[in-house]
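Coordinate analysis (summary)
Residues per chain, in single letters:
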Amino acid sequence: MSWRVVVIHNTAKLDLQLNYLVVRGELNTTKIHISEIAVLLVESTSVSLTVGLLAELSKQKVKVVFCDSQRNPSSELVSYYGSHDTSNKVRTQISWQNAAKEAVWTEIVREKIKQQQKFLSERGKEKEAILLSEYIQDIQWNDETNREGHAAKVYFNALFGMDFSRSQDNNINAALNYGYAILLSAFNREIVANGYFTQLGLFHDNMFNQFNLGSDLMEPFRVLVDKTVCTMKLDEFEHPEKMKLVNILNQEVIMEGKHYIVLNAIKRYVKSVFDALNDSDVSLLTFYKGYEL
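Below is a summary of the structure that appears in this document. Starting afresh in each chain, residues are numbered from 1 along the sequence in its written order. For this predicted model, a pLDDT threshold of at least 70 governs which residues receive local features, and a threshold of 80 or more governs which side-chain atom pairs are given and counted, while totals over whole chains, interfaces and linings are taken from all residues. In computing side-chain values, all of the structure's heavy atoms are included and hydrogens and water are not.

Section: unusual backbone geometry
- Here lysine 61, not a glycine, exhibits a phi torsion of approximately 65 degrees, which is positive.
- Only runs of H or I of at least four residues qualify as helices and only runs of E of at least two qualify as strands under DSSP, and these elements are numbered from the N terminus. One can find lysine 61 in the loop between helix H1 (51-59) and strand E7 (63-67).
- Categorising residues by exposure relies on relative accessible area from a 1.4 Å probe, with only protein chains included: less than 20% of the type maximum marks a residue as buried, more than 50% marks it as exposed, and the intermediate range marks it as partly exposed. With relative accessibility at 34%, the residue lysine 61 sits in the partly exposed group.
- Unlike most non-glycine residues, glutamate 256 shows phi in positive territory, near 55 degrees.
- With respect to the helices and strands, glutamate 256 occurs in the loop between strand E9 (252-255) and strand E10 (258-261).

Here's what the structure looks like:
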């Protein structure tokens, strides 16, 4: 089972050798068996790699994320086919009933707000936590009254101050966006690995978003990024701070009474979402219930 998150942050040449990723740096050479790699984050723009390596990484379902000149995630490698029966899975995806999609989305929103409420309570923000509890009770089918949006405003203002907005250009938002991008890449990996298209979402349907479905499914996991960002001083947002966010994928959460690293919890959760959609049964959804950061 793949589990490594490999980050390339200096000048290097990457190639393939006997199923190993070979990283040839300025001072030394490192080899990592591809079967161990879940995510490859290419943080530096001074990295060169071979097409043969990219083809093998795609074949073995390694999520490859590329960063821009500011070392922020800007794109990722997405396979055409992630499963032997992708064509059948896509036909199934297209035929999902609206009622099933709306039912699953309602539970995803409910779980997201529950995680936000729990975190606010941990932070001693009881007044805001109680308000989010009320929003949870008020959620209607398919979140028609947008309790998610109302909860987000209360939540972020409680965490970062009444003057905070997600549209601001500051280190807090830079950190949140970076962490969310890393999470999204992990979700996209699992969606493709299961044979489905990332473009066709449950709720998100932006024609310019390649990852509508990943944007839907990741919602309950966003609080893991929020928790990490709240522990960071963020006087600056450079490589050390980014690596703390990348490491979220290796942290542990509690799911079904067991300890899972986040990467494996995402795998289990995504599979449960597809089971719920295919069987029109939200009782099949499996969410994480606790975390250890």
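So, next bit.
What about the pairing of E7?
- In terms of residue burial, E7 counts as a mostly covered element, since four of its five residues are buried.
- Summarising the sheet, strand E5 (residues 37-42) and E7 pair through four bridges and their orientation is parallel. The residue bridging valine 39 from the neighbouring strand is lysine 63, located in E7.
- Being paired, for any two strands, means DSSP has found at least two bridges between them. Judged from the four bridges that link them, E7 and strand E8 (residues 73-77) form a sheet pairing that is antiparallel. Residue pairing for E8: phenylalanine 66 is matched across the bridge by serine 75.
- Hairpin connection of E7 to E8: five residues between the antiparallel strands, including arginine 71 at a positive phi of 65 degrees.

A word on the packing of helix H6 (residues 171-193) against helix H9 (residues 239-246)
- Fitted lines through C-alpha atoms give the axes, limited to the stretch in contact for helices. The angle between two N-to-C directions lies from 0 to 180 degrees. One way to put it is that H6 packs onto H9 with a least axis distance of 9 Å and a crossing angle of 40 degrees. Judged by the angle between their axes, H6 and H9 are oblique. Judged by the sense of rotation from one axis to the other, the crossing of H6 with H9 is right-handed. Across the interface between the two elements, Ala175, Tyr178, Gly179 and Ile182 from H6 touch Lys242, Met243, Leu245 and Val246 from H9.
- Put simply, Ala, Val, Leu, Ile, Met, Phe, Trp, Tyr, Cys and Pro go in the nonpolar bin, Asp, Glu, Lys and Arg in the charged bin, and everything else, Gly too, in the polar bin. Looking at the contact of H6 with H9 residue by residue, the classes come out as six nonpolar, one polar and one charged. Roughly parallel means an angle under 35 degrees; roughly antiparallel means over 145; roughly perpendicular covers 65 to 115; every other angle is labelled oblique. Take the far helix as your reference; a near helix turned counterclockwise from it by less than a right angle gives a left-handed crossing, and one turned clockwise gives a right-handed crossing. When checking whether two residues touch, look at their non-hydrogen atoms; a contact exists if any pair is within 4.5 Å.

Overview of the packing of aromatic side chains
- Centres within 6.5 Å are what make two rings of Phe, Tyr or Trp a pair, Trp counting through its six-membered ring; a difference in plane orientation under 30 degrees is then read as stacked, over 60 as edge-to-face, and the rest as tilted. This structure, assessed with the given rule, holds 14 aromatic pairs.
- Consider the rings of tryptophan 96 and phenylalanine 274, whose centres lie 6.0 Å apart with planes at 25 degrees: the pair is stacked. Of this pair, tryptophan 96 sits in the loop between helix H2 (86-94) and helix H3 (98-122) while phenylalanine 274 sits in helix H10 (residues 262-279), placing them 178 residues apart in sequence.
- Phenylalanine 274 sits in the buried class, given a relative accessible area of 2%.
- Linked through ring pairs, Phe187, Phe221, Tyr269, Phe287 and Tyr288 together constitute an aromatic cluster.
- The ring of phenylalanine 156 carries the charged tip of arginine 166 above its face, separated from the ring centre by 5.8 Å.
- We call a charge positioned above a ring when the Lys NZ or Arg CZ atom is no farther than 6 Å from the ring centre and deviates by at most 35 degrees from the ring normal. If you follow arginine 222 out to its NZ or CZ, it ends over the ring of tyrosine 180, 4.5 Å from the centre.

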